[in-house]
Amino acid sequence: MRSKWKRWAGEYGLFLLTAICLISIWQWVVEAGMVPSFILPAPTAIGESLVNNREILLGEHLPATFLEVLIGFGLSLIGGLLLGVSMHFSKILEKVLYPFLIISQTIPMIAISPIFIMWFGYTIWSKVAVTILVAFFPIVVSTYDGLKAGGSEYRELLLTMGAGRWTIFKKVQVPMALPSIMSGLKMAVVYCVVGATIGEWLGASEGLGYFSRRMSSNLQSDSVFAAIFLLSLMGIVLFLLISLLEKKLIKNKIR
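Since the model is a prediction, treat every value here as computed from it, not as a measurement.

Conventions used here
Residues numbered from 1 in each chain as written. Predicted model: local features only at pLDDT ≥ 70, side-chain atom pairs only at ≥ 80, totals over all residues. Heavy atoms only, no water. Axes fitted to C-alpha atoms, helices over the stretch in contact; angles between N-to-C directions. Helix = DSSP H or I, 4+ residues; strand = E, 2+ residues; numbered from the N terminus. Parallel < 35°, antiparallel > 145°, perpendicular 65-115°, else oblique. Left-handed = near helix turned anticlockwise from the far one by under 90°. Contact = heavy atoms within 4.5 Å. Nonpolar A, V, L, I, M, F, W, Y, C, P; charged D, E, K, R; others polar. Phe/Tyr/Trp six-rings, centres within 6.5 Å; stacked < 30°, edge-to-face > 60°. Patch = residues over 30% accessible without salt bridge, like charges linked within 9 Å, V, L, I, M, F, W, Y side chains within 5 Å. Areas by Shrake-Rupley, 256 points an atom, 1.4 Å probe, with all protein chains shown as cover. Salt bridge = Lys/Arg side-chain N within 4 Å of Asp/Glu carboxyl O. Buried < 20%, exposed > 50% of the residue type's maximum accessible area, 1.4 Å probe, protein only. Core = buried A, V, L, I, M, F, W, Y, C linked by side-chain atoms within 4.5 Å.

Asks: Is there a simple way to think about the packing of helix α5 (residues 109-120) against helix α6 (residues 124-149) in this case?
Replies: For any two helices packed against each other, one specifies the crossing angle of their axes together with the interaxial distance. For the pair α5 and α6, interaxial distance at closest approach is 8 Å and the crossing angle is 140°. On the basis of their axis angle, the class for α5 and α6 is oblique. α6 is crossed by α5, and the crossing has right-handed handedness. Residue-level contacts link M109, I112, S113, F116, I117 and F120 of α5 to W125, S126, A129, V130, L133 and V134 of α6. A breakdown of the residues in the contact of α5 with α6 according to their chemical character gives 10 nonpolar, two polar and no charged.

Have a look at this one:
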């Protein structure tokens, strides 16, 4: 336990020390009146808002946003992996679909979100659609690039030994592509939080994005920052969960 604690402190101690210093300076700047509290609330005011609004934030808005992120990420994961693998096996699909994937990322989210609202209304699916649009691309590209780049030497060796394409794919290309795929998943899960928030800002009746928009219109900046804190915390937790899954998968593949 002591060695683990020392290793953890060595990796994150400097970050935590810097964060504590920045938060202390932030608190001092606001208390000294250098910045109006309605523009930048003090960390203690944000904490008070979290406590005072904990029932509605944790009981209603956080679960709503988390559900949108979960559904959007799940659908993006299934579709992105399938499309990335399909593009790897089919050059025709690659030539047809890859340009469309790039074009999809040039569309501003603010511009297309109202279209999703017209299609799906103010239901959860308008937010999920925005989430899928931002999360789908990194999963497809990381899967395709990882499979394309991984294990060319091992592939040639197995070909000389008479291995088929499926065997090479399963034994060489998938294990070699795992780091790239997991990197795409870590980016995608964070983008899902951003996409859900954008969708809620433009049209929703619940969720942390909706709550922060409503509070900003009332100039309650402490509540806005409280919602932002929960959104950031959600993204960090999901990112860490994917990172833990990555370590476990890669360790199993090495074994």
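Asks: Would you mind showing me how to read the packing of helix α4 (residues 91-104) against α6 here?
Replies: It is at 10 Å that the axes of α4 and α6 come closest, and there the two elements cross at 140°. By the angle between their directions, the pair α4 and α6 is classed as oblique. Every pair of crossing elements has a handedness; the one defined by α4 and α6 is left-handed. Residues E94, Y98, L101, I102 and S104 of α4 form the contact with α6, whose participating residues are L133, F136, F137, V140, V141, Y144, D145 and K148. Residue composition of the contact of α4 with α6, by class: nine nonpolar, one polar and three charged.

Asks: Just to check I follow, could you spell out the packing of aromatic side chains for this structure?
Replies: This model, assessed by the stated rule, comprises four aromatic pairs. Their ring planes at 65° and their centres at 5.8 Å tell us that F116 and W119 sit as a pair that is edge-to-face. With F116 and W119 both in helix α5 and three residues apart, this pair spans about one turn of that helix.

Asks: Just to check I follow, could you spell out a nonpolar patch on the surface for this structure?
Replies: Residues M187, V190, Y191, V194, I236, F239 and L240 make up a contiguous nonpolar surface patch of about 580 Å² in total accessible area. Secondary structure elements with two or more residues in the nonpolar patch: α8 (165-202) and α10 (221-254). Here the nonpolar patch gets four residues from one element, more than from any other, and that element is α8. With respect to the helices and strands, the residue Y191 is situated in helix α8. For Y191, a relative accessible area of 37% corresponds to the partly exposed category.

Asks: What am I meant to see in the nonpolar core here?
Replies: Buried together is how nonpolar side chains tend to be arranged in soluble globular proteins. By size, the foremost hydrophobic cluster in this structure holds 28 residues, and its most contacted members are V69, F73, L185 and L208. Listing elements by their share of this core, those giving two or more residues are α3 (54-89), α6, α8, α9 (208-217) and α10. Examining the composition of this core, we find that 10 residues originate from one element, α8, more than from any other. Non-local contacts of L185, meaning those with residues more than four positions away in its chain, are made with F73, L77, I139 and I242.

Asks: When you look at the pattern of salt bridges in this model, what are you seeing that I'm missing?
Replies: Proximity of charged atoms lets side chains of opposite charge pair with each other. By the definition in use, this model includes two salt bridges. Notably, a salt bridge pairs K91 with E94, separated by 3.6 Å at the nearest N-O pair. A residue pair is termed a helical-turn pair when its members lie 3 or 4 positions apart in one helix, as K91 and E94 do in helix α4 at three residues. Since its relative accessible area comes to 16%, E94 is described here as buried.

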